[in-house]
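The lines below spell out each chain.
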Amino acid sequence: MEEGRAERRRRTEAPSHTQGGPRRAGVMTDVHRRFLQLLMTHGVLEEWDVRRLQKHCYRVHDRTAAVEELEDFINNINSVLESLYIEIKKGATEDDGRPVYALVNLATTSVSKMASDFAENELDLFRKALELIIDSETGFASSTNILNLVDQLKGKKMRKKEAEQVLQKFVQNKWLIEKEGEFTLHSRAILEMEQYIRETYPDAVKICNICHSLLIQGQSCETCGIRMHLPCVAKYFQSNSEPRCPHCNDYWPHEIPEVFDPEKEREAGTSRATKRSLRSRQH
Amino acid sequence: MSEQSKDVCDPNSAAEASSSEVNSSPGVPGVLSPPASQAATLAGPETPPLGPTDALLASPPPQAPSEEGDPKALQQASEEGRAHQAPSAAQPGPAPPAPAQLVQKAHELMWYVLVKDQKRMIIWFPDMVKDVIGSYKKWCRSILRRTSLILARVFGLHLRLTSLHTMEFSLVKALEPEELDRVALSNRMPMTGLLLMILSLIYVKGRGARESAVWNVLRILGLRPWKKHSTFGDVRKLITEEFVQQNYLKYQRVPHAEPPEYEFFWGSRASREITKMQIMEFLARVFKKDPQAWPSRYREALEEARALREADPSAHCPRSSVSED
């Protein structure tokens, strides 16, 4: 068995691929380990948080080293995680394009990450909400429509009042976002479940024409029906006075959002508290 | 032989497997093995009582050679081997799964443990067997060992059996210096701040804090038992149920109090994860005072810090000579 080899490698700072094989992986140091610990603890983090986290880990474990460029830092870690079927995945919030990161398990093909948190009927409620969200035109499912499905849930019978609270639990745990009585997927859920969703709902799922990732919220061309994420629209049509559909060339009828600019965010000098309450509304 | 049917893993031997492999990290004592009679009392709800023989039969035969590096583990392995030569040698048993399958199980278990810890849920050994290991019960020792190895090398975390009695594992940080990392990212501060507020109240009082006293303090933060808060949600539920479930707080009825009153104490997890010095630092920050403004408490905190240092001299290795944030 590979155990002997694995033990010998433990003594050096060598990569941890337990599958053996000649794959060259990066080196894990305590900086990376702490980073992973903290990323796992937080579930999902925005990019500015991730950068602070990275700097914190360097400060704690290796003050003398230069802080590696975030993308390389993460790719380095991911090369070690590859053999474990997990990775640090980067995504973006669908409404304003803020980059987010989460440690995701590539091997799961179900909502199993949530499975340990929620009861059978709660999980089923989530699945029902998920289906409504995916099938909807806007990417939002109304509270009413979700609650009307309460009778069809597997497991213990759930009343509508209870279901309302369960939905709030999903919001608090960052699986769903609520906006004016309607629910959509949190960026965390999209990051973690994209694979599962694409496999489970291959016909209903919408894909962005630009980045080819899963699309829940976005804009669509009224002529040919292709869809784009709001941040993808922003980037694609940046400084274009006459935006046209990339597929059918018809005039793009929607308002073009601003490209997300982290620098502008910081300069705006919004206090942490305001930012947090803003975020908790949007996310 | 009839013992073959009782193929449930003994969490203690599994814990030895996990602890003996991760001795490269500084300052972590290995899990002590209780006497064999204690192992016999470890019974899951549906399984017959385990004896030490079952624990050995549950592990794959070639144990001793692979446990290099830890003299204590080696000694244990050879002792076990000597004492129980005959039965294990005579067992044909079902064919062991391919190494790749055991590796996959180890990865699943790793993720399972990480997620449980992320949700601050208890990592319960019978759950691990039921939810992840399943039909690979016989090889759970080897699976657990591999999982612990991965967690140590990739995440710098120890999977440790914290309570033999309740069969609970927990993930302990193996990196130095140990600190409240949560504080480093202040968007987690709300939850931690709330908890620290209550813990420090209890600490300063030197005994349990009555619920009424706790609410007096929380009122300063604008929190009320009947009001839902934008960040915390149902605060009362959070502190009397969730924090209690996570073992950060204990919520107990005050004896002989009429009408019934409740009080809060530190939970076992708080005692494990949070030092008195951290509480003093928190108090100093919140009240903008020197920690020595609470002289007896500060003295206690110093005592505890000194005791911790003495218990773990290797905890302060030169590599981490940097000062804390």
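Heads up: the structure comes first, above all this text.
Quick caveat, the model's predicted, so the values are computed rather than measured. Every chain's residues receive numbers from 1 upward, in the order its sequence appears when written. Chain letters and ligand numbers both follow the written order, the letters beginning at A and the numbers at 1. The model is predicted, so local features are restricted to residues of pLDDT at least 70 and side-chain atom pairs to those at 80 or more, both for listing and for counting; the totals for chains, interfaces and linings are taken over all residues. Side-chain numbers come from the whole structure's heavy atoms, not from hydrogens or water.

Draft legend 1. Structural context of the overall build of chain B. Counting secondary structure elements, chain B contains 15 helices and eight strands. For the exposure calls, accessible area comes from a 1.4 Å probe over protein chains only, and a residue counts as buried if that area is under 20% of its type's maximum, exposed if over 50%, partly exposed in between. Within chain B, the proportion of its 325 residues that are buried is 49%. Intrachain contacts of chain B at a sequence separation of at least 6 include 63% that bridge at least 24 residues. With residues, only the protein chains shown are counted as cover, and all accessible areas are computed by Shrake-Rupley using a 1.4 Å probe. Carbon together with sulfur atoms contributes 56% to the accessible area of chain B, which is approximately 15800 Å² in total. The helix count covers DSSP runs of H or I at least four residues long, the strand count covers runs of E at least two residues long, and both are numbered beginning at the N terminus. Should any heavy atoms of two residues lie within 4.5 Å, those residues are considered in contact.

Draft legend 2. How the structure looks around the overall build of chain A. Scanning chain A from N- to C-terminus turns up 12 helices and 10 strands. Buried positions account for 49% of the 283 residues belonging to chain A. Taking as baseline every contact in chain A between residues at least 6 positions apart, the subset at least 24 positions apart corresponds to 52%. Accessible surface, chain A as shown: approximately 14000 Å² in total, 46% of it carbon and sulfur.

Draft legend 3. Spotlight on the pairing of strand 3 (residues 99-105) of chain A. Residues and elements named next belong to chain A. Burial analysis of strand 3 places seven of its seven residues in the buried class, the great majority of the element. Of the two faces of strand 3, the one lined by P99, Y101, L103 and N105 and the one lined by V100, A102 and V104 are each fully buried. Strand direction decides the pairing type here: strand 1 (residues 44-46) and strand 3, joined by three bridges, are antiparallel. Across the sheet, the residue bridging to V44 is A102, located in strand 3. Being paired, for any two strands, means DSSP has found at least two bridges between them. Both strand 2 (residues 86-92) and strand 3 contribute to a ladder of seven bridges, which runs antiparallel. Residue pairing across strands places K90 opposite Y101, the latter belonging to strand 3.

Draft legend 4. Highlighting the environment of D124 of chain A. All names here are of chain A. Within the fold, D124 resides in helix 6 (residues 120-135). Through-space distance from the C-alpha of D124 to that of V150 is 9.3 Å; in sequence the pair is 26 residues apart. Those residues within four positions of D124 in sequence are excluded, and the remaining contacts are Q152, L153 and K154. Among the polar contacts listed, one links the side chain of D124 to the side chain of R127, at a separation of 2.9 Å. Any N or O atom pair separated by 3.5 Å or less is treated as a polar contact, with the protein-specific requirement of one donor-capable and one acceptor-capable atom, and with residues adjacent in sequence counted only for side-chain atom pairs.

Draft legend 5. Up close: unusual backbone geometry. For the bond running from E258 of chain B to P259 of chain B, omega is -5°, close enough to zero to count as cis. With respect to the helices and strands, P259 of chain B occurs in the loop between strand 7 (249-253) and strand 8 (262-266). The residue H212 of chain A is not glycine, and still its phi comes out positive at about 60°. You can see H212 of chain A is positioned in the loop between strand 7 (206-207) and strand 8 (214-215). Even without glycine at this site, N249 of chain A takes up a positive phi of about 70°. Tracing the chain through its elements places N249 of chain A in the loop between helix 10 (230-236) and helix 11 (262-267).

Draft legend 6. Layout of the sheet that holds strand 3 of chain A. All names here are of chain A. Read from one edge of the open sheet, three strands run 1-3-2, paired in antiparallel fashion. On the outer flanks of this sheet lie strand 1 and strand 2, each paired with one strand and no other. Each strand axis lies, on average, 25° off the axis of its neighbour in the sheet, ignoring direction. The axes used here are C-alpha line fits, helices contributing only the stretch in contact, and every angle between their N-to-C directions lies in the interval 0 to 180 degrees. Docked against the sheet, helix 9 (residues 187-200) engages strand 1, strand 2 and strand 3, running at close to 40° with respect to strand 3.

Draft legend 7. Up close: the nonpolar core. We call a set of buried Ala, Val, Leu, Ile, Met, Phe, Trp, Tyr and Cys residues a nonpolar core when their side-chain atoms join them within 4.5 Å. Counting residues in each nonpolar core, the largest one holds 53 residues, and the members touching the most others are I88 of chain A together with F155 of chain B. Ranked by the residues each element gives to this core, the list is headed by helix 6 (residues 99-118) of chain B, at nine residues. Core analysis: the second largest hydrophobic core is formed by 34 residues, L199, L238, M277 and F282 of chain B among them.

Draft legend 8. Main features of helix 9 of chain A. Residues and elements named next belong to chain A. Given a helix with a known number of residues, its expected span is that number minus one, times 1.5 Å. A rise of 1.5 Å per residue sets the reference length of helix 9, with its 14 residues, at 20 Å; its end C-alpha atoms lie 19 Å apart and thus fit the reference within 8%. M193 marks where helix 9 bends most, by close to 70°. Most of helix 9 sits out of view: 10 of its 14 residues are buried. Values of bend correspond, residue by residue, to the angle between axes fitted over the seven residues ending at that residue and the seven starting there.

Draft legend 9. Layout of the side chain of N121 of chain A. All names here are of chain A. For N121, the location among the structural elements is in helix 6. From its side chain, N121 meets the backbone oxygen of K156 in a polar contact 2.8 Å long. With residues near it in sequence (within four places) discarded, N121 still touches L153, K154, G155, K156, K157 and M158.

Draft legend 10. Local environment of the environment of H107 of chain B. As for its position among the elements, H107 of chain B is in helix 6. Here H107 of chain B falls in the buried class, since its relative accessible area comes to 5%.

Draft legend 11. Looking closely at the state of the cysteines. Residues and elements named next belong to chain A. The definition used for a disulfide is geometric: two cysteine sulfur atoms within 2.5 Å. For the coordinates displayed, the defined rule picks out zero disulfides over all chains. The cysteine C224 is free of any disulfide, with C245 supplying the nearest cysteine sulfur at 3.6 Å. For C245, a relative accessible area of 2% corresponds to the buried category.

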